[in-house]
Amino acid sequence: PISTTHKNIGKTVLETPQDLYDALNAEFSFGLDVCALPYNAKCPRFYSPEQDGLKQPWDANCWCNPPFDRSMGTWVRRCYEAAQAGHTAVVLIHGNYHDTQWWHDYAMKASEIRYLRGRPKFHDGDYTAALRTMVAVFRPKCQGPPICVSIDRTGRRLAPNPQLTDAKRSVQ
């Protein structure tokens, strides 16, 4: 959640930093942004809030930057479900949620969790938020436990993990 001391309290939809998205897109070739607004969509195909991406088919490699609110767990669950259906889904998880039920039920079944060193800056007009962020990667048929790595704010791995290679793992 956004701090209640900030002048833009309640701001829950912020654009993904372009350099972070570009690095992940180069790796995963996203075909669908499942949670976007027309002005911040990262893929030509995207679902807006009016379309409700949670209720739509996820039929490509999916990018998901969900709202910074209590719906986060629902989006993470949907990413896991997309992976079980044979697609890769990558989701930004903002904040500190590892004590929640959805974290243990779904995030811990991801293929990877990439912890960002530092706080990337998310923008919306003149509003900027530097948020604790991690990236969960759900590859097809993943069941966890996730491999954990450190990345910088541009998506570059800081702590190489010998279990990961440039070839994408399809099943864990």
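Cut-off values and rules
- Residues numbered from 1 in each chain as written.
- Predicted model: local features only at pLDDT ≥ 70, side-chain atom pairs only at ≥ 80, totals over all residues.
- Heavy atoms only, no water.
- Helix = DSSP H or I, 4+ residues; strand = E, 2+ residues; numbered from the N terminus.
- Buried < 20%, exposed > 50% of the residue type's maximum accessible area, 1.4 Å probe, protein only.
- Lys, Arg positive; Asp, Glu negative; His and termini not counted.
- Salt bridge = Lys/Arg side-chain N within 4 Å of Asp/Glu carboxyl O.
- Contact = heavy atoms within 4.5 Å.
- Pairing = 2+ DSSP bridges.
- Axes fitted to C-alpha atoms, helices over the stretch in contact; angles between N-to-C directions.

Along the chain, Arg 78 turns up in helix 2 (residues 72-84). Despite its burial, Arg 78 pairs with no opposite charge, the nearest such side chain being Glu 81 at 4.4 Å. Excluding its chain neighbours within four sequence positions, the residues that come into contact with Arg 78 are Leu 54, Gln 56, Pro 57 and Trp 58.

On to the sheet that holds strand 7 (residues 133-138). Spatially, six strands are ordered 1-2-3-7-4-8 in an open sheet, and the strand pairing comes out mixed. Lying at the two open borders of the sheet, with one neighbouring strand each, are strand 1 (32-33) and strand 8 (147-151). Contacts from helix 1 (residues 18-28) reach strand 2 (62-64), strand 3 (89-94), strand 4 (112-116) and strand 7, with the element oriented near 155° to strand 4. Strands in contact with helix 2 are strand 2, strand 3 and strand 7; relative to strand 3, the strand with the most contacts, it is inclined by about 160°.

Among the six residues of strand 7, six are classified as buried, and the element is accordingly described as predominantly covered. Inspection of the sheet shows strand 4 paired to strand 7 by four bridges, in the antiparallel sense. Counted as the bridge partner of Glu 112 is Val 137 from strand 7.

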